[in-house]
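Okay, here's what each chain looks like letter by letter:
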Amino acid sequence: SGSVGPCNPPAPSVRCGRGPAALAMNGGGKPELRFQVGTRVQCRTGQGWLDGTVVKLWYREARFRPGQVAPYQVKLDMGSLIFAPMDDDKVIRAATGLLADGKIPVTVLTGFLGSGKTTLLNYILKAQHGKRYAVIENEIGAVGVDNLLLEGYNKRTEESITLLDNGCLCCTVRGDLIDAIKGIVKAAQERAEKEEGKPLDGILIETTGMADPGPICKTFHGDDFTVRYCKIDGVITVVDAAHFIEQLTRERSEGSVNESAQQVAYADKVLLNKVDAVNAEKLQDTLDAIRGVNYLVPITQCSLGKTPDAIPIGELLGIDAFDLGKLADSNSLDLSVCGEVKESAPAEEHGGHGQGHGHGHEDCKDENCGHGHGGGHDHGHECSDDCNHGEGEGHAHGHGHGKAKFRHDSGVGSFVCEVKDTPLSQKKFNNFMGSLLQACAADLYRYKGIIAIASPEVNQFVLQGVHEMCEVTEGDPWPKDKPYKSQVVLIGRNLDSAKWQAEFAKCAA
């Protein structure tokens, strides 16, 4: 179940159909079910037929009588968890139409001018890559994507939707973003009625003139239409390997926001572009600088100008880093470990950098924890109990490569709050999030977490948010053979890490 806004307790499960008396089994063998986990379905509820995804087979609740089970537990697109009391089209049926493959993922694309956003969008709109994306040119404060992108196509009105040769859609928005989304969804629905296959793989919103994607993210939580058809997949930041450090370190007036650091802080994925234009030392400095702002973010190295097709477009744009289904399959996920670095070319072309770099931060007390400490060449690690990520402000979780790592105090940094070996109290956690958002919402760029909450049985929950927009999603019961560990990563400007780590520790049940 989910909540948006200040982190409220997750809503209880709702059920479709006729209630516990109609439960499918009262002992005996289990019949074969029509749908599997992950299948898109529609469920009949008190609000009519609602779309969702099967998340569990043969579901039980403590209040059921002995031997009673429901064939399906379903997570509705609106966020609630329900169960279907029988495997029958009267209460649950296969999803059809535009939402048969789930909500349309929306990716927000940001990055400095010259970083390569236009090159990426050019490739998406013109290449035959087999995907169907809708690109929204969000012209706020500047001319957005170069007008040359649409050269050769008739742009009939200021907010027309243009169908391009490769099946992608392009829409220039100078007015209301929601109107543009509605137009794209309508076009995709018409395509779904006429053609076979997936009508739309995703929507990409380009944000020229905006460093803060918060207002766009709010759009997809505050409008009923967009909530039904779309979901925010994440924020991608394109970084110029040749110029990022200069952009990060240039002089700014006192109190002004460091836009380069802010864009990396918001990112769920970084596309580190133009790696072919820098030497190994400059590339490593840039990686260290990115890690200094946001150690968690996965980084994909690329050369969009020369080889935009080196990485499959679905992998390049797909994020879903905090998709509950994926997290359930990744019991070893540790939010205190650096995000993965992927390369689009053989390692020897870029100085032999590995795919799971250590942090290289100076405050680590454990000489054997694999952080590099300014020397050696670490290829990933699992931290010991003595390794304290985020002690102090904005630490550069860099990589030891035989030289001092790049350091720059932009005021923007990231750290992890952790409680181990005991679940959290739901009330205490809600109070923690309320206090955090009240004090820091404007400077809290991104936050993500995987937590164990006693409610009353211990369940897995996923937390993510931008500024005051907070979403909590309930998952399966915490695995019995897995130690309790709750982690929340906070990414923002001038955050008091010691204070919030101490406050989070008080959330233990």
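Note that the coordinates shown come from a computational prediction; the quantities given were computed from them, not determined experimentally.

**Things to note about the state of the cysteines**
Here the structure, examined in full by the defined rule, presents zero disulfides. Left without a disulfide partner, Cys417 is nearest to the cysteine sulfur of Cys507, which lies 9.0 Å away. We classify Cys417 as buried; its relative accessible area is 0%.

**Looking at helix H6 (residues 259–266)**
Of all eight residues that make up H6, seven are buried, and the element is covered over most of its length. The set of residues buried in H6 consists of Ser260, Ala261, Gln262, Gln263, Val264, Ala265 and Tyr266.

**Structural notes on the packing of helix H2 (residues 177–194) against helix H3 (residues 214–222)**
Geometry of a packed helix pair, given as the angle between the helix axes and the separation of the axes. Contact pair H2 / H3: the axes reach a minimum separation of 11 Å and the direction vectors enclose 60°. Between H2 and H3, the angle falls in the class oblique. Handedness of the crossing formed by H2 with H3: right-handed. Residues Leu177, Ile178 and Ile181 of H2 pack against Ile216, Thr219 and Phe220 of H3. Among the residues making up the contact of H2 with H3, the classes are represented as five nonpolar, one polar and no charged.

**Remarks on the confidence of the model for the chain**
On average, residues of the chain carry a pLDDT of 75, and 70% of them reach 70 or more. Between residues 345–404, whose pLDDT stays under 50, and residues either more than four places distant or in other chains, the model counts 156 contacts.

**Digging into the nonpolar core**
Counting 55 residues, the largest nonpolar core has Ile203, Cys230, Leu272 and Ile290 as the members making the most contacts within it. Apart from residues no more than four positions distant in its own chain, Cys230 is found in contact with Lys103, Ile104, Val106, Ile181, Val185, Ile203 and Phe220. Among the nonpolar cores identified, the runner-up in size contains 25 residues, and Phe415, Leu437, Leu463 and Leu495 belong to it.

**Some details on the pattern of salt bridges**
Tallied over the entire structure, the rule returns 14 salt bridges. Two residues, Arg34 and Asp87, come together in a salt bridge whose shortest N-O distance is 2.8 Å. Of this pair, Arg34 sits in the loop between strand E3 (25–26) and strand E4 (40–45) while Asp87 sits in the loop between strand E7 (81–84) and strand E8 (92–94), and the two are 53 residues apart along the sequence. In this structure, the salt-bridge partner of Arg40 is Asp77, at a minimum N-O distance of 2.8 Å. With Arg40 in strand E4 and Asp77 in the loop between strand E6 (68–76) and E7, the pair connects residues that are 37 residues apart, well separated along the chain. You'll find Arg40 and Asp77 in the same group, each marked buried.

**Focus on the packing of aromatic side chains**
Inspection of every chain in the model, using the stated rule, returns ten aromatic pairs. Measuring from ring centre to ring centre gives 6.1 Å for Tyr59 and Phe83, while their planes differ by 35°; the resulting arrangement is tilted. In this pair, Tyr59 sits in strand E5 (residues 48–59) while Phe83 sits in strand E7, placing the two residues 24 residues apart along the sequence. The class for Phe83 is buried, based on a relative accessible area of 1%. Centroid distance Phe432 to Phe504: 5.3 Å. Interplanar angle 65°. Geometry classified as edge-to-face. With a gap of 72 residues between them, Phe432 in helix H10 (residues 426–440) and Phe504 in helix H11 (residues 497–505) connect regions that are remote in the sequence. On the basis of relative accessibility, which here comes to 4%, the residue Phe432 falls in the buried class. An aromatic cluster is present here, built from Phe429, Phe432, Trp500 and Phe504 joined pairwise through their rings. Over the ring of Phe225 we find Lys182; its NZ or CZ atom is 5.8 Å from the centre of that ring. The ring of Trp478 has Lys482 lying over it, and the distance from NZ or CZ to the ring centre is 4.6 Å.

**A few points about the packing of H10 against H11**
Direction vectors running N to C along H10 and H11 enclose 160°, while the axes themselves pass 9 Å from each other. Judged on the interaxial angle alone, H11 and H10 are roughly antiparallel. The interaxial crossing formed by H10 with H11 has right-handed handedness. Between H10 and H11, the contacting residues are Phe429, Phe432, Ser435, Leu436, Ala439 and Cys440 on the first element and Trp500, Glu503 and Phe504 on the second. Looking at the contact of H10 with H11 residue by residue, the class counts come to seven nonpolar, one polar and one charged.

**A closer look at unusual backbone geometry**
The phi torsion at Asp421 lies on the positive side, around 75°, for a residue other than glycine. Here Asp421 lies in the loop between strand E18 (412–420) and strand E19 (424–425). The backbone of Asn494 sits at a positive phi, close to 55°, despite the residue not being glycine. You can see Asn494 is positioned in the loop between strand E23 (485–493) and H11.

**Side note on the side chain of Ser425**
Structurally, the position occupied by Ser425 is in strand E19. A polar side-chain atom of Ser425 sits 3.3 Å from the main-chain amide nitrogen of Lys428. Dropping the residues within four chain positions of it, Ser425 is found in contact with Cys507, Ala508 and Ala509.

**Examining the pairing of E18**
Counting buried positions over the nine residues of E18 gives seven, a clear majority of the element. As paired elements, E18 and E23 share nine bridges and run antiparallel to each other. The partner of Gly413 across the bridge, within E23, is Gly492.

**Quick notes on the environment of Leu436**
As for its position among the elements, Leu436 is in helix H10. In this structure the C-alpha to C-alpha distance between Leu436 and Glu468, which are 32 residues apart in sequence, comes to 9.4 Å. Setting aside residues no more than four positions away along its own chain, Leu436 makes contact with Ala441, Leu444, Leu490 and Trp500.

**Looking at the pairing of strand E20 (residues 444–454)**
When a strand is regular, its side chains alternate between the sheet's two faces. Taken across its eleven residues, E20 has ten buried, putting it largely inside the fold. Looking at chain direction, E19 and E20 are connected through two bridges and run parallel. The residue bridging Ser425 from the neighbouring strand is Ala454, located in E20. The handedness of the E19 to E20 crossover, carried by H10, is right-handed. As paired elements, E20 and E23 share six bridges and run antiparallel to each other.

Rules of the game
Residues numbered from 1 in each chain as written. Predicted model: local features only at pLDDT ≥ 70, side-chain atom pairs only at ≥ 80, totals over all residues. Heavy atoms only, no water. Disulfide = S-S within 2.5 Å. Buried < 20%, exposed > 50% of the residue type's maximum accessible area, 1.4 Å probe, protein only. Helix = DSSP H or I, 4+ residues; strand = E, 2+ residues; numbered from the N terminus. Axes fitted to C-alpha atoms, helices over the stretch in contact; angles between N-to-C directions. Parallel < 35°, antiparallel > 145°, perpendicular 65-115°, else oblique. Left-handed = near helix turned anticlockwise from the far one by under 90°. Contact = heavy atoms within 4.5 Å. Nonpolar A, V, L, I, M, F, W, Y, C, P; charged D, E, K, R; others polar. pLDDT = per-residue confidence, 0-100. Core = buried A, V, L, I, M, F, W, Y, C linked by side-chain atoms within 4.5 Å. Salt bridge = Lys/Arg side-chain N within 4 Å of Asp/Glu carboxyl O. Phe/Tyr/Trp six-rings, centres within 6.5 Å; stacked < 30°, edge-to-face > 60°. Lys NZ or Arg CZ within 6 Å of the ring centre and 35° of its normal. Polar contact = N/O pair within 3.5 Å; in protein donor to acceptor, adjacent residues only side chain to side chain. Pairing = 2+ DSSP bridges. Right-handed = clockwise from strand over helix to strand, strands pointing away.

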